[in-house]
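# Report on the structure
What follows is the residue order along each chain.
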Amino acid sequence: MEITPLEPWIREKLGTSATGAELREEIDLHQLGKLRETVDYVRTRSPFYRQLFAGVHGCDLKGLTDIASLPFTAAEDIQENDLRFLCVSRDEISRIVTLNTSGTTTHAKRIHFTEEDLELTTDLFHHGMKALVRPGGKVLILMPADRHGTVGNLMVKALRRMDVQGIPHGIVLDSGKTIAGIVEHEVDCLIGIPVQVLSLVRHRDAVSIPKGMIRSVLLSADYVPAAIVREIESAWGCMVFNHYGMTEMGLGAAVDCSALHGYHIREADLFFEMIDPDTGRPVPDGEPGEVVFTTLTRKGMPLVRYRTGDLSRFIPEPCPCGTVLKRLEWVRGRLQGGVGLGGGANLTVADLDEALFPLPGLLNFRVELASESDVQIIRVTLYCADIHAENLCSQAAKKLEAIPAIRTAIDNGFLAIAPIRASSENWISTGSIKRKIIDSREER
Ligand SMILES: [Zn+2]
């Protein structure tokens, strides 16, 4: 098995020839040095951190664990005023990403990048993609690529550096057309959002893709359903890699190696911690917790101890690929991801994904919780291309009833499942935004 390409890349960035435990030590030292630099950099340049870190100095950090003494940065802090985070003048910013937040009352969250910041991400893509594709290969990018500094735009640039052709496509709007493009260009790797790639696998024209042509797929999202990974693997016989990254991390952060069992992190540029979401204290190695990160090399808008709300854990056992880089378990959900159904039952998008996506022909679904007189109602719409709807709906009802949270709530008389609807329209509109359970219940 090939070692993650991130290890030789990080070794080169650190300018060392060390391997094994010695390399791990050098990475830790590098991170400590960069953490100290970052604390001083943000305290002297950003109005937000000037206030937050008043009296704190980089040299106060004697070891990596001392970072736990610093306060956190929350998403709300950025929403309140992103400009207070800037460490450079506004004309040095070359890309601003505006993130839509779920609530309409809050301000949008805006993340700023300098050209140098974007280059760090391009460099990650260049080296991370070596696990998926060889020189001469062709990669179809099913992500926005129309503007400077978008993921697709940076990816095309990164692939060119490794003599691979990146074909910018954008979000899938017509699966049949996208499949025709895959066949025409003889694409051997795809990058996309899980439900969008699923729409290709389950399209009637998918049979036109020659067996073995697609060798790898990179799925990028905050949460990748395991059911979708299995479906893509078995349909195309390809390797499916998970990527983890949020805009705040600089778009990209961590990617699977060919062991396909947890992501390795760009540790020269990011420091990850795992904390207990309730107490804020670090959890023991290997225990699940909330992912918290600090940027080590960003210039425009560095972030220190940013709480992601994502749940994961470090996998303490060595990775089969043989690297000394840390391994992060696939993010399977978010802290605020679930909805309470009463009596302690909590339903998450992940529960629904793993139950429903194995259903043949399903492309996506919408779940809404409503309340009617005394009981909560769960309303599910299934999106599918061919409607064998009745069969699919009855299968879905069985799957829903088998989810423990739903089962418990039904047994306790708190919940009923409304007749399930199937629709062949409009599935695509739910394809690119963050998937969640729509909660229209009245005050409980
Ligand atoms: Zn590995």
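The rules we used
- Residues numbered from 1 in each chain as written.
- Predicted model: local features only at pLDDT ≥ 70, side-chain atom pairs only at ≥ 80, totals over all residues.
- Heavy atoms only, no water.
- Donors = N, O, S within 2.8 Å, 3.2 Å for Na, K, Ca; no water.
- Helix = DSSP H or I, 4+ residues; strand = E, 2+ residues; numbered from the N terminus.
- Buried < 20%, exposed > 50% of the residue type's maximum accessible area, 1.4 Å probe, protein only.
- Salt bridge = Lys/Arg side-chain N within 4 Å of Asp/Glu carboxyl O.
- Polar contact = N/O pair within 3.5 Å; in protein donor to acceptor, adjacent residues only side chain to side chain.
- Domains from an automatic or database assignment.
- Buried area = accessible area lost by both parts, 1.4 Å probe.
- Phe/Tyr/Trp six-rings, centres within 6.5 Å; stacked < 30°, edge-to-face > 60°.
- Core = buried A, V, L, I, M, F, W, Y, C linked by side-chain atoms within 4.5 Å.
- Contact = heavy atoms within 4.5 Å.

Glancing now at the coordination of the zinc ion. Looking at the zinc ion, one finds its protein donor set to be Cys 257 (SG), His 264 (NE2), Cys 319 (SG) and Cys 321 (SG), positioned 2.1 to 2.4 Å from the metal centre. Taken in sequence order, the residues that donate to the zinc ion follow the motif C-x6-H-x54-C-x1-C. Residue Cys 257 is located in the loop between β8 (254–256) and β9 (263–265), and its partner Cys 321 is located in the loop between β12 (306–312) and β13 (327–328); the two are separated by 64 residues in the primary sequence. Cys 321 gets classed as buried once you look at its relative accessible area, which sits at 6%.

Turning our attention to the pattern of salt bridges. With the rule as written, the count across this model stands at 21 salt bridges. Across the pair Lys 13 and Asp 123 runs a salt bridge whose closest N-O atoms are separated by 3.8 Å. In this pair, Lys 13 sits in helix α1 (residues 6–14) while Asp 123 sits in helix α5 (residues 115–128), placing the two residues 110 residues apart along the sequence. For Glu 119, the salt bridge identified is with Arg 161, shortest N-O distance 2.9 Å.

As a further point, take the side chain of Thr 297. Along the chain, Thr 297 turns up in the loop between β11 (289–295) and β12. Accessibility expressed as a relative area gives 18% for Thr 297, which makes it buried. A polar atom in the side chain of Thr 297 sits 2.7 Å from the side chain of Asp 269.

You can read the domains of the protein as domain 1 (1–335) and domain 2 (339–439). The distance between the C-alpha centroids of domain 1 and domain 2 comes to 30 Å. Here domain 1 meets domain 2 over a buried area of about 1500 Å², counting both sides, of which 60% is carbon and sulfur. When the buried surface of domain 1 facing domain 2 is broken down by residue, Val 195, Arg 202 and Tyr 223 rank first, second and third, together holding 37% of it. Every element with two or more residues in the side of domain 1 that touches domain 2 is listed here: α8 (194–201) and α9 (226–236). With four residues, α8 is the largest single contributor of residues to the side of domain 1 that touches domain 2.

Where two aromatic rings form a pair, the distance of their centres and the angle of their planes describe that pair. The tally for this structure, following the rule as stated, stands at nine aromatic pairs. Look at Tyr 244 and Tyr 263: their rings are 5.5 Å apart centre to centre, the planes differ by 20 degrees, and that puts the pair in the stacked class. In this pair, Tyr 244 is assigned in strand β7 (residues 239–244) and Tyr 263 in strand β9, connecting sequence segments 19 residues apart. Residue Tyr 244 is classed as buried on the basis of its relative accessible area, which comes to 1%. Take Tyr 263: its relative accessible area is 2%, and that puts it in the buried class.

Another point: the nonpolar core. With 135 residues, the main nonpolar core has Met 129, Trp 236 and Phe 272 as its most contacted residues. The greatest single-element share of this core, amounting to seven residues, is contributed by helix α2 (residues 20–45). A domain split of this core shows at least three residues from each of domain 1 (1–335) and domain 2 (339–439). Not counting residues up to four positions away in its chain, the partners in contact with Phe 272 are Tyr 244, Met 249, Ala 253, Ile 265, Val 291, Val 292, Phe 293, Phe 314 and Leu 328.

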